[in-house]
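One letter stands for each residue in the lines below.
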Amino acid sequence: MNFELHTFALSTAAKEKCDAQIILVSASFKPAKDALSVLVAQTLKAGDFETKVGKTLLIYRPAGLASSRVVLLGIGEGSAKEVRKAVATAVAAVKSDKIKTLHLGFTTEPQTGAVRAAVLAVAEASYVYTSTKSKPEGRQLQSISVGVANVAGSQAAFAEAVAFVGGIEFAKEWANRPANHATPTLLAQAAKSLAKHARIKCEVLGPKQVAKLGMGSFLAVAQGSDEPLQFIVLHYNGAAQTVAPTVLVGKGITFDSGGISIKPAAEMDEMKFDMSGAASVLGVFKALADLKPKINVVGLIPACENLINGRAVKPGDVVTSMSGQTIEILNTDAEGRLVLCDALTYAERFKPRAVVDIATLTGACVVALGAVRSGLFSSNEELAAALLSSGESSLDLCWRLPLDDEYAEGLKTNFADVANVAGRAGGAVTAAKFLQRFTAKFPWAHLDIAGTAWKSGAAKGATGRPVALLLDYLLQSPKTK
Ligand code: BES
Ligand code: MN
Ligand code: ZN
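Residues numbered from 1 in each chain as written. Chains lettered and ligands numbered in written order. Predicted model: local features only at pLDDT ≥ 70, side-chain atom pairs only at ≥ 80, totals over all residues. Heavy atoms only, no water.

## What about the packing of helix α9 (residues 336–347) against helix α12 (residues 427–436)?
A pair of packed helices is characterised by two quantities: the angle between their axes and the separation of those axes.
Point 1. With their axes 9 Å apart at the nearest point, α9 and α12 run at an angle of 30° to one another. Regarding the angle of α9 to α12, the classification is roughly parallel. As for the relative orientation of α9 and α12, their crossing is right-handed in sense. Contacts between α9 and α12 involve Arg337, Leu338, Leu340, Cys341 and Leu344 from the first element and Ala431, Phe434 and Leu435 from the second. (Axes fitted to C-alpha atoms, helices over the stretch in contact; angles between N-to-C directions. Helix = DSSP H or I, 4+ residues; strand = E, 2+ residues; numbered from the N terminus. Parallel < 35°, antiparallel > 145°, perpendicular 65-115°, else oblique. Left-handed = near helix turned anticlockwise from the far one by under 90°. Contact = heavy atoms within 4.5 Å.)

## Some words on the sheet that holds strand β3 (residues 56–60)
Point 1. The six strands lie next to each other as β1-β6-β5-β2-β4-β3, forming an open sheet whose pairing is mixed. The strands lining the two open edges of the sheet, one partner per strand, are β1 (2–7) and β3. For this sheet the average axis-to-axis angle between neighbouring strands, irrespective of direction, equals 20°.
Point 2. As paired strands, β3 and strand β4 (residues 69–74) are joined by five bridges and run antiparallel to one another. Of the residues in β4, the one forming a bridge with Leu57 is Leu72.
Point 3. Lying on the sheet, helix α2 (residues 80–94) is in contact with β2 (20–25), β3, β4 and β5 (101–106); it crosses β4 at an angle near 150°. (Pairing = 2+ DSSP bridges.)

## Description of helix α11 (residues 381–393)
Point 1. Its 13 residues place the ends of α11 18 Å apart at the C-alpha level, agreeing with the 18 Å of an ideal helix rising 1.5 Å per residue.
Point 2. Contact partners of the buried residues in α11: β14 (354–359), β15 (374–378), β16 (398–400), β18 (444–448) and α13 (467–476).
Point 3. Two or three places before Glu382, at the opening of α11, Asn380 has a side-chain oxygen 3.1 Å from that residue's backbone nitrogen. (Expected span 1.5 Å × (residues − 1). Polar contact = N/O pair within 3.5 Å; in protein donor to acceptor, adjacent residues only side chain to side chain.)

## Digging into the coordination of the zinc ion (ligand 3)
Point 1. Here the zinc ion (ligand 3) is held by Lys251 (NZ), Asp256 (OD), Asp274 (OD) and Glu335 (OE), and the distances to it run 2.0 to 2.4 Å.
Point 2. Because the angles between the six donor atoms bound to the zinc ion (ligand 3) fall within 79 to 175°, the donor set is best described as octahedral.
Point 3. Counting gaps between the donor residues of the zinc ion (ligand 3) yields the pattern K-x4-D-x17-D-x60-E.
Point 4. A separation of 3.2 Å is found between the zinc ion (ligand 3) and the manganese ion (ligand 2), which are bridged by Asp256. Remark: Glu335 occurs in the loop between β13 (326–329) and α9 and Asp274 occurs in the loop between β10 (252–256) and α8 (276–291); sequence separation between them is 61 residues. (Donors = N, O, S within 2.8 Å, 3.2 Å for Na, K, Ca; no water. Tetrahedral: all angles 85-135°; square planar, octahedral: opposite > 155°, others 65-115°.)

## Details of the site of ligand 1
Point 1. Among the 16 residues in the neighbourhood of ligand 1, the closest are listed as Asp256, Lys263, Asp333, Glu335 and Gly363.
Point 2. Lys251 places a polar side-chain atom, nitrogen or oxygen, 3.2 Å from an oxygen atom of ligand 1.
Point 3. In this structure, an oxygen atom belonging to ligand 1 sits 2.8 Å away from a side-chain N or O atom of Lys263.
Point 4. Protein coverage of the free-state accessible area of ligand 1, which is 510 Å², stands at 77%.
Point 5. Here the residues of the shell around ligand 1 sort into five nonpolar, four polar and seven charged. (Near = heavy atom within 4 Å. Areas by Shrake-Rupley, 256 points an atom, 1.4 Å probe, with all protein chains shown as cover. Nonpolar A, V, L, I, M, F, W, Y, C, P; charged D, E, K, R; others polar.)

## What about the side chain of Lys251?
Point 1. Locating Lys251 in the fold gives a position in the loop between β9 (246–250) and β10.
Point 2. Under the relative-accessibility criterion, Lys251 is labelled buried at 2%. (Buried < 20%, exposed > 50% of the residue type's maximum accessible area, 1.4 Å probe, protein only.)

## Considering the domain arrangement of the protein chain
Point 1. Parsing the protein chain into structural domains produces domain 1 (2–147) and domain 2 (173–476).
Point 2. The partner domain 2 presents eleven residues to the ten residues of domain 1 that form the contact.
Point 3. Carbon and sulfur atoms supply 49% of the area that domain 1 and domain 2 bury against each other, a total of about 860 Å² over both sides.
Point 4. Summed over the shared surface of domain 1 and domain 2, the number is two salt bridges.
Point 5. For the pair domain 1 and domain 2, the interface holds five residue pairs in polar contact (both at pLDDT 80 or more).
Point 6. Mapped onto the side of domain 1 that touches domain 2, the elements with two or more residues apiece are α2 and α3 (114–126).
Point 7. For the side of domain 1 that touches domain 2, a count of residues per class yields four nonpolar, two polar and four charged. (Domains from an automatic or database assignment. Buried area = accessible area lost by both parts, 1.4 Å probe. Salt bridge = Lys/Arg side-chain N within 4 Å of Asp/Glu carboxyl O.)

So, in structure tokens, the structure goes:
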């Protein structure tokens, strides 16, 4: 899709050449003297149109206008959140194979985050997955232009938004692919393809190297599958080597059958999305290549399948993690934490300023927070605050959950240093408590995206979350020359 930002006012809107034009009208709209302004004012006065969020009025072939469809769209006060909701509604309303070029015009100065919200909402509403269709009918929309009165004021936000879309859609693409089209090896290839960008390097470790590192926990999950595990290490170098990196760790279970503790058949297909954390890391790197911020970022992806063969790990098996801690695997379906713990130990070598892991970790988190907010856990106040605030400003929300030591009681066992599951109660927290044991050496946060990474039902598909949150956070982090 092609994106463009240009100067716009209602007085010149007649000249906009496009298949459809969406005119964003906020409560603070002040009509000028031109014909279109007068028209908008009249529709408001007559009560045929309102500035409430998502209210639309479609005008077909208005006299003297170059575009044959004009949609007046109410955006409320015009906050980023309101703009996102309104634009999503409007794009869905005009979506048809006739609309290839779309123009979005702000009639009042966009509020902070509103331009980004508009761009992301158009992308979201027009996204189409095609990779495994025999006759792909891709996205109809080919170009989108955004018009504002003051282009200079929105230029940076606009360019950022376009990079965000690239990252989000890369994450969606990989998360949406079925497990046979997104094996650990294919995921590693996707990561390697990002290394064509000057600032990105990619290294992939196979089973032998991972065994040599002593990642007994990661190996235990992978041993039940014929697909070789891959440990993907990505580097984005935008600052001097001496600058401590932020490390992102993405859960890369390309299919989660549950293993011997097998999952029920209903909706098991959705476990192809169990590498959404990994996909979000890939998406972030794709956007970083575009944005070129002066920071260093490392991406770690432990990728494997959680399947069942004659060598599969069994409930009760005890394995030794890279940290030296022994783990009793009481439930083979709690595999995410088993691959993440070794990746977290590996992260120590980068002396990171912060480590954030991203994982579709627990059904309990879906129960707790649903699809609106990702679960956030952190042992570091500053990091937690930064991620919460990035969630709000990118509209990719999260919510902090506790890490009291009492929650770790259930992880005690007579047969190893720690068990991989506790009881059902507080399942999202006990999973985080397990991970926390491997994070003593750096500020750490964990995002449980089990409820937010994909949608079920008719709109089944990846959401690309939390790419926007992570990018927002990384761009806020201290920059160096
Ligand atoms: N990938 C799942 C978590 C999940 C479940 C994500 C539902 C999205 C929707 C994870 O590997 C898992 O199976 N977790 C178990 C943990 C339990 C055995 C302690 C769960 O949540 O049931
Ligand atoms: Mn599982
Ligand atoms: Zn899983």
